[in-house]
Amino acid sequence: MSKNNNSNNTSIIVSQNQVRRPLQSTFFAQLNTNTGNITGDGTVYTVVCDNVIVDQNSNYNLSTGIFTAPVAGNYIFGASINVQGLTSSMSSYVLKCMTTAREYRLAEMGAYSQSSSSQTLQIAGCIFAKMNANDTAFFTIRIAGGSKVVSLQPNGISFIYGYLLD
């Protein structure tokens, strides 16, 4: 068993079979501000979470919602977005993670029905993406079939995350 506290190391062996990687890129951000009337009419909205809980290495841009990969590797990205204001006329939704190389559909519903107006819905998913250094990733949401009355709900129920797996 060895322990190395040198901050220049990329890995620290804490104990047998346990390794810490303090320089490994990780971010988790929540939405703290209600973002009203952003979609519902088919508008694609870029999700920007304004409360960074963790951003090891400062790779998430809090004002644009864009994560920039510091190194090439395999990344995990995910989101859980709470939408409010759905109406019975809205017919589809899609939550995507957009990377430099391609787009990933985290969650999609081609046709659904609401029993009454002003419904809420939690839309979530995660993906695995191979990225090069300086590639970017961000999340979008699109709800169609009605008017632009759908809001994203804050206070810990809407969040995004990403981390370098290897």
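Basis of the calculations
Residues numbered from 1 in each chain as written. Predicted model: local features only at pLDDT ≥ 70, side-chain atom pairs only at ≥ 80, totals over all residues. Heavy atoms only, no water. Helix = DSSP H or I, 4+ residues; strand = E, 2+ residues; numbered from the N terminus. Buried < 20%, exposed > 50% of the residue type's maximum accessible area, 1.4 Å probe, protein only. Contact = heavy atoms within 4.5 Å. Areas by Shrake-Rupley, 256 points an atom, 1.4 Å probe, with all protein chains shown as cover. pLDDT = per-residue confidence, 0-100. Polar contact = N/O pair within 3.5 Å; in protein donor to acceptor, adjacent residues only side chain to side chain. Patch = residues over 30% accessible without salt bridge, like charges linked within 9 Å, V, L, I, M, F, W, Y side chains within 5 Å. Salt bridge = Lys/Arg side-chain N within 4 Å of Asp/Glu carboxyl O. Phe/Tyr/Trp six-rings, centres within 6.5 Å; stacked < 30°, edge-to-face > 60°.

(A) A look at the overall build of the protein chain. When you go through the protein chain residue by residue, the secondary structure sums to 0 helices and 15 strands. Across the 166 residues in the protein chain, those meeting the buried criterion constitute 41%. Taking the contacts inside the protein chain whose residues are at least 6 apart along the sequence as the reference set, 74% of them involve residues at least 24 apart. Taken as a whole, the protein chain presents about 8,500 Å² of accessible surface, with 47% of it coming from carbon and sulfur.

(B) Spatial organisation of the confidence of the model for the protein chain. Taken over all residues, the pLDDT of the protein chain has a mean of 86, while the share at 70 or more is 81%. Low confidence marks residues 1-9, where pLDDT is under 50. Its contacts with residues over four positions away, or in another chain, come to 10 contacts.

(C) Local environment of the side chain of Asn59. Of note, Asn59 is situated in the loop between strand 6 (51-56) and strand 7 (60-61). The exposure class of Asn59 is buried, given its relative accessible area of 14%. Among the polar contacts listed, one links the side chain of Asn59 to the side chain of Ser25, at a separation of 2.7 Å. Setting aside residues up to four positions removed in sequence, Asn59 forms contacts with Ser25, Ile66, Phe67, Thr68 and Pro70.

(D) Summary view of a nonpolar patch on the surface. Taken together, the side chains of Phe128, Tyr163 and Leu165 make up a nonpolar region of the molecular surface, amounting to roughly 280 Å² of accessible area. Tracing the backbone shows Tyr163 in strand 15 (residues 159-164). Residue Tyr163 is classed as partly exposed on the basis of its relative accessible area of 32%.

(E) Main features of the packing of aromatic side chains. Counted according to the given criterion, the structure contains 6 aromatic pairs. Aromatic pair Phe67 and Phe77: ring centres 5.5 Å apart, planes at 65°, arrangement edge-to-face. Of this pair, Phe67 sits in strand 8 (residues 66-68) while Phe77 sits in strand 9 (residues 73-86), and the two are 10 residues apart along the sequence. With centroids separated by 6.0 Å and ring planes inclined at 10°, the aromatic side chains of Tyr75 and Phe77 adopt a geometry described as stacked. On the accessibility criterion, Tyr75 (0% relative accessible area) is buried. Residue class for Phe77 comes out buried when judged on its relative accessible area of 0%. Ring-pair connections join several aromatic residues into one group, and the members of that group are Phe27, Tyr60, Phe67, Tyr75 and Phe77.

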